[in-house]
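Chain by chain, the residues run as shown.
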Amino acid sequence: MSTPRVPATAANDVALENLIEVRGLLSQFGEHVIHRDLDLDVKRGEILGVVGGSGTGKTVLLNSIIGLKEPEGGTVRIFGHDRGDLTEAQAADIERRTGVLFQQGALFSSLTVLENVSAPMVEHTRLPSDTIRELAEMKIAMVGLKPESHHQKPAELSGGMKKRVGLARALSLDPELIFLDEPTAGLDPIGAAAFDELIRKLSDDLGLTVFMITHDLDSLYAICDKVAVLADKRVIEKATVQELETSDHPWIKEYFLGPRGRAATKAA
C-alpha cells in the first residue's frame, strides 16, 4: 500500500491560488435538480478527491467545470476565467492547460496508441510531425508503457493499459490541471495501487493539480490532499480524510467508518 500523501498545511492553503472556483452552481435535467448552491475551490498543486453517493452528480460537476455541460445557474471559473463568458482564445488556452482522463479511457478506437497520444498536439500545435512523435513517445514512457505498445489499437490493450494511454493523452500538452474520472475503476488491487502511485509521482514531478472522482477509499487515503463530499445537492465538506473520519454527517460516517473505510484506514 502507498504511503499516505502528506496534506498541505493551512498556511500553504492560504498562499495557493484557486485554479477552479465554483459558486452557487445549479445543475438540473428538466425538473430534476442535481446541484443547488454548490460551492467548491480547487487550489494549485492540490490532489482533490471527489466522492458522493450514486446520483449526487460527480460527473455532472466535472462536466460543468470542463465545459461539457452548461450550468443552469451559478458560476464556474477556471484559471481566473468565467466559463460562461469565454472568448475563443481563452477557451483554447484553457483546453491546452487542462487534460482529462475519462472513466473508460475514451480512446479513438481506429488510432494506435501513438496516434491517440499525439492527437492533442496535432490539433493544438504546429510542431513538426517528428517532434510530435518524439513527445508522444515520451508521454507513453512517462506513464509506464513500453515501446511495443506504440502501434497497438485500443482493442488490443488491457483495461489498465487503456487507462495509462488515456493518462498519457491527458498529459500530451503538458497541462497544469488534470481531471480523472474513476481512474482505478475496474482495476485489480495491485493495478489500482500502481496507478495511484503513478498519479502521485506525476503530480509531484510535474507540479500538477488533480481533480479526481473516485470511489476507491485506498486512493483517497494514499494520494489525496483533500476530499470534497457531494451530498444534499452540494459539497457538504472539503477536508482531509482524517478530518472526515470525525464528521457527524450520516453518509460520511458510513463511507469512511464502515467496514471498507476501516480496512482502508488500517492499510494506510
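What comes next concerns the included structure. (Residues numbered from 1 in each chain as written. Predicted model: local features only at pLDDT ≥ 70, side-chain atom pairs only at ≥ 80, totals over all residues. Heavy atoms only, no water.)

Thoughts on the overall build of the protein chain
Test applied: In this description a helix means any DSSP run of H or I spanning at least four residues, a strand means any run of E spanning at least two, and both kinds are numbered starting from the N terminus. We call a residue buried when its accessible area falls under 20% of the maximum for its residue type, exposed when it is over 50%, and partly exposed in between, using a 1.4 Å probe and counting protein chains only. We call two residues in contact when some of their heavy atoms are within 4.5 Å. Accessible surface is estimated by sampling points in the Shrake-Rupley manner with a 1.4 Å probe; for residues, cover comes only from the protein chains shown.
Counting secondary structure elements, the protein chain contains eleven helices and ten strands. Burial statistics for the protein chain: of 268 residues in total, 47% are counted as buried. Contacts in the protein chain between residues at least 24 apart in sequence constitute 67% of all its contacts with a sequence separation of at least 6. For the protein chain, the accessible surface area stands at approximately 12800 Å², while carbon and sulfur atoms represent 52% of it.

Remarks on the sheet that holds strand 3 (residues 47-52)
Spelled out, the test is: DSSP bridges decide pairing: two strands pair if at least two such bridges lie between them. Lines fitted to C-alpha atoms define the axes here, with helix axes fitted over just the stretch in contact, and angles between the N-to-C directions of these axes take values from 0 to 180 degrees.
Taken together, the six strands give an open sheet; going across it, the order is 6-7-8-3-9-10, and neighbouring strands pair in mixed fashion. The open sheet is flanked by strand 6 (98-101) and strand 10 (234-239), the only strands paired with a single partner. For this sheet, the mean inter-axis angle between neighbouring strands, taken without regard to orientation, is 15°. Against the sheet, helix 2 (residues 58-66) touches strand 3, strand 6, strand 7 (177-181), strand 8 (209-213) and strand 9 (226-231), its axis set at about 145° to strand 8.

Considering the environment of D39
Topologically, D39 is positioned in strand 2 (residues 32-43). Of the residues examined, D39 reaches a relative accessible area of 41% and is grouped as partly exposed. C-alpha of D39 to C-alpha of R23: the two residues are 16 residues apart in sequence and 4.5 Å apart in space. Those residues within four positions of D39 in sequence are excluded, and the remaining contacts are V22, R23, G24 and V235.

Description of the packing of helix 6 (residues 159-170) against helix 7 (residues 189-206)
Note the threshold: Any angle that is under 35 degrees is reported as roughly parallel, and any over 145 degrees as roughly antiparallel; angles of 65 to 115 degrees are reported as roughly perpendicular and all others as oblique. Here a crossing is taken to be left-handed if its near helix is turned anticlockwise relative to the far helix by less than a right angle, and right-handed if that turn runs clockwise.
Between helix 6 and helix 7, whose axes approach to 12 Å, the crossing angle comes to 10°. Taken together, helix 6 and helix 7 sit at an angle that is classed as roughly parallel. The handedness of the crossing between helix 6 and helix 7 comes out as right-handed. Only A194, F195, L198 and L202 of helix 7 make contact with helix 6, whose side of the interface consists of K163, R164 and L167.

Points about the sheet that holds strand 5 (residues 81-82)
Read from one edge to the other, the open sheet built from four strands follows the order 2-1-4-5, with strand pairing classed as antiparallel. Both outer strands of the open sheet, strand 2 and strand 5, are each paired with one neighbouring strand and no more. The sheet contact formed by strand 4 (residues 73-78) and strand 5 spans two bridges and is antiparallel. Note on strand 5: the bridge partner recorded for R77 is D82.

Some points on the side chain of H35
Our working definition: Definition of a polar contact: a pair of N or O atoms within 3.5 Å, with one able to donate and the other able to accept a hydrogen when the atoms are protein atoms, and with sequence-neighbouring residues admitted only if both atoms are side-chain atoms.
Note on placement: H35 falls in strand 2. Assessed through its relative accessible area of 0%, H35 is described here as buried. At 3.2 Å, the side chain of H35 and the backbone oxygen of T56 are in polar contact. Within the local environment of H35, its side chain forms a polar contact with the backbone oxygen of G57, the two atoms lying 3.0 Å apart. In this structure H35 touches L25, L26, S27, T56, G57, V60, L61, L230 and K233, once residues within four positions along its chain are discounted.

A closer look at the environment of L177
When you line up the elements, L177 lands in strand 7. Residue class for L177 comes out buried when judged on its relative accessible area of 0%. Taking the C-alpha atoms as reference, L177 lies 9.9 Å from I47; in sequence the two are 130 residues apart. When neighbours within four sequence positions are excluded, L177 is seen to be in contact with L19, I20, I78, F79, R97, T98, G99 and T209.

Focus: the packing of aromatic side chains
Here is the rule: When two rings of Phe, Tyr or Trp (its six-membered ring) have centres within 6.5 Å they constitute a pair, described as stacked for plane angles under 30 degrees, edge-to-face for angles over 60, and tilted for the intermediate range.
One pass over the full model with this rule turns up three aromatic pairs. Arranged with centres 5.5 Å apart and planes meeting at 50°, the rings of F179 and F211 form a pair that is tilted. Of this pair, F179 sits in strand 7 while F211 sits in strand 8, placing them 32 residues apart in sequence. F179 sits in the buried class, given a relative accessible area of 0%. Take F211: its relative accessible area is 0%, and that puts it in the buried class. An angle of 15° between the planes, with centres 4.7 Å apart, marks the rings of W251 and Y255 as stacked.

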